[in-house]
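# Examination of the molecular architecture
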Amino acid sequence: MIDFNEAEFAIETLAVRAGQHRTNEGEHSEPIFPTSSFVFGSAAEAAARFSGEQPGNIYSRFTNPTVRTFEERLAAMEGAESCVATASGMSAILATCIGLLKAGDHIVSSRSIFGTTTILFNNFMAKLGIETTFVDLSDLDAWKGAVKANTRLFFLETPSNPLTELVDIQAVADIAHDNNSWLAVDNCFCTPVLQQPLKLGADIVIHSATKYIDGQGRCMGGAVLGSKELVGTEVYSFLRTAGPTLSTFNAWVFLKGLETLNIRMKAHCANALELARWLEQQEAVAKVHFPGLASHPQHELAKKQQSDFGGLLSFELKGGRKAAWKLIDATRICSITANLGDTKTTITHPATTTHGRLTDEQKQASGIADGLVRVSVGLENIEDLKKDLARGM
Ligand SMILES: *Cc1c(COP(=O)(O)O)cnc(C)c1O
């Protein structure tokens, strides 16, 4: 059996081949192992497995062959030594925090992160004695200025949601490392196909596999990637003990998702770029946020740091909330739902949904205008999508 390691093969090959360990049955497609425990040949073998002397499966909370195949494949694609799969993207973030931090530690985080991550930091990490300072994503001086003696973790998403702001990952990694801290990047929007943060100096990559890795909106899951020491030991031992484990079936769906991730991402990116260019020309549209547009303030950084611009865009209608709701309600193809990274195009009004709990001042400070509409561009025909958005414009 060939060992598909990342040094030798390109990401397209790794996405299809890495992590598969064929059984004696000679199956071509990867099998699913729906078993909670594994059987040992003897009492001595059981003892050797439990003590860690002999590697192998014990119990599916922390050792399952299908989950391992998904972990090895994603690790190869991100260029990571270790990967720990989790039950959801949120449990991947939780496992990272609990695995690496202790009471009295401090997090510096981008303000423009997934809303539930903000709540995790503010309500639950704070309860455990871990405080967070939030900074503007692209303001490097703010990252530097927020560091305290007890800072241990930097956390960010780039591009941000819904305004698609970027930050130079290498630059933030350097600030983190100068200050005795790790950088964790939530790479959910780009996936390893478009951006590989570990190669840019990040220490941890986090995924919600629920989004593009599944790609068809079926299963919940997540992953943490990084070194053997941080992820393979610290994060893994939290998972093993606390049990936010990825289900075997979901792992199988995701690893099949990885096989088509390259071609799906290319198609998402092409559709999104074309839609962004078209939106920019519409009379009713005041502004389009998409890193692939020459008008995007960080277009050059996007070209340098990512291999393509992603499938997520947002645009502001001149008519404010009324115009945004009218456009959303007039669509017949787009799904009105907050999920993203699906073959189906989804549309949301951030100011009254994902960002609805912010005060008016907070919305203004973070650029969430009343006329803002976010689209996760799917794989439908691009002309059909333009017509769908034009209908209520
Ligand atoms: C959805 C999402 C999460 C949370 O993932 P779940 O799988 O829903 O728990 C975290 N980060 C980002 C950027 C997301 O979009």
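Residues numbered from 1 in each chain as written. Predicted model: local features only at pLDDT ≥ 70, side-chain atom pairs only at ≥ 80, totals over all residues. Heavy atoms only, no water.

What follows covers the nonpolar core. Among the nonpolar cores identified, the biggest contains 37 residues, and F70, L74, M77 and L225 are the most heavily contacted of them. Of all the elements in the fold, those that place two or more residues in this core are α1 (11-17), α3 (65-78), β1 (82-86), α8 (191-194), β7 (222-226) and α10 (248-280). Viewed by domain, this core spans two of them, domain 1 (11-256) and domain 2 (262-390), each represented by three or more residues. In this structure M77 touches I11, L14, A15, P192, V193, Q196, L258 and L261, once residues within four positions along its chain are discounted. If you look at the next biggest cluster of nonpolar residues, it comprises 28 residues, including L166, W278, V285 and L327. (Core = buried A, V, L, I, M, F, W, Y, C linked by side-chain atoms within 4.5 Å. Buried < 20%, exposed > 50% of the residue type's maximum accessible area, 1.4 Å probe, protein only. Helix = DSSP H or I, 4+ residues; strand = E, 2+ residues; numbered from the N terminus. Domains from an automatic or database assignment. Contact = heavy atoms within 4.5 Å.)

The strand order across the open sheet built from seven strands is β1-β7-β6-β5-β4-β2-β3, with neighbouring strands paired in mixed fashion. The outermost strands of the open sheet, each flanked by one partner alone, are β1 and β3 (131-135). Pairwise comparison of adjacent strand axes, ignoring direction, gives a mean angle of 20° for this sheet. In this structure, strand β5 (residues 182-186) lies alongside strand β6 (residues 204-208), joined through three bridges in parallel fashion. Bridging from a neighbouring strand, A184 pairs with I204 of β6. The strands touched by helix α4 (residues 89-100) within the sheet are β1, β2 (106-110), β4 (151-157), β5, β6 and β7, with β6 carrying the most contacts at an inclination of about 150°. On top of the sheet, helix α7 (residues 169-178) reaches β4 and β5; it is set at about 150° to β5, its chief contact. (Pairing = 2+ DSSP bridges. Axes fitted to C-alpha atoms, helices over the stretch in contact; angles between N-to-C directions.)

With that out of the way, let us pick up helix α9 (residues 228-242). One full turn of an α-helix is made of 3.6 residues, so residues set three or four places apart face in the same direction. The largest bend along α9 measures about 35° and falls at Y236. Residues of α9 that are buried include every one of L230, V231, V235, F238 and L239, and no others. In the core, the buried residues of α9 are packed alongside β1, α4, β5, β6 and β7. Following α9 by one or two positions, G243 has its phi on the positive side, about 80°. (Bend = angle between axes of the 7 residues up to and from the residue.)

This part covers the pattern of salt bridges. Applying the stated criterion to the full structure yields 15 salt bridges. Notably, a salt bridge pairs K387 with D384, separated by 3.9 Å at the nearest N-O pair. Placement of the pair is K387 and D384 together in helix α14 (residues 382-390), with a separation of three residues, close to one helical turn. The partly exposed category is assigned to D384, whose relative accessible area is 35%. Between R391 and D388 there is a salt bridge, with the nearest N and O atoms lying 2.7 Å from each other. (Salt bridge = Lys/Arg side-chain N within 4 Å of Asp/Glu carboxyl O.)

With the exception of glycine, most residues fall at negative phi, and the peptide bonds are largely trans. Residue T158 is joined to P159 through a cis peptide bond whose omega torsion reads -5°. Across the junction of N161 and P162, the peptide omega takes the value 5°, indicating a cis bond. Examined against the element boundaries, P162 turns out to sit in the loop between β4 and α7. Backbone geometry places N180, a non-glycine residue, at a positive phi of 60°. Tracing the backbone shows N180 in the loop between α7 and β5. Overall, the relative accessible area of 57% leaves N180 in the exposed class.

What follows concerns the site of the ligand. Not every one of the 13 residues close to the ligand is listed here, only the nearest: G89, D186, S208, T210 and K211. Backbone polar atom of M90 to an oxygen atom of the ligand: 2.9 Å apart, as the coordinates give it. In the model, an oxygen atom of the ligand is placed 2.6 Å from a nitrogen or oxygen of the T210 side chain. Computed on the free molecule, the ligand has an accessible area of 380 Å², of which 93% lies beneath the protein chains in the complex. Class assignment of the residues belonging to the shell around the ligand gives a composition of five nonpolar, five polar and three charged. (Near = heavy atom within 4 Å. Polar contact = N/O pair within 3.5 Å; in protein donor to acceptor, adjacent residues only side chain to side chain. Areas by Shrake-Rupley, 256 points an atom, 1.4 Å probe, with all protein chains shown as cover. Nonpolar A, V, L, I, M, F, W, Y, C, P; charged D, E, K, R; others polar.)

For the rest of this paragraph, the subject is the sheet that holds strand β12 (residues 372-376). Reading across from one edge, β8-β9-β12-β11-β10 is the order of the five strands in this open sheet, with mixed pairing throughout. Edge positions in the sheet fall to β8 (285-289) and β10 (335-336), since each has one partner strand and no second. Two elements, β8 and strand β9 (residues 312-317), share four bridges in a ladder whose sense is antiparallel. Bridge pairing in β9 places H289 opposite S314. Packing against the sheet, helix α12 (residues 320-330) makes contact with β9, β10, β11 (346-348) and β12, and its axis sits at approximately 130° to β9.

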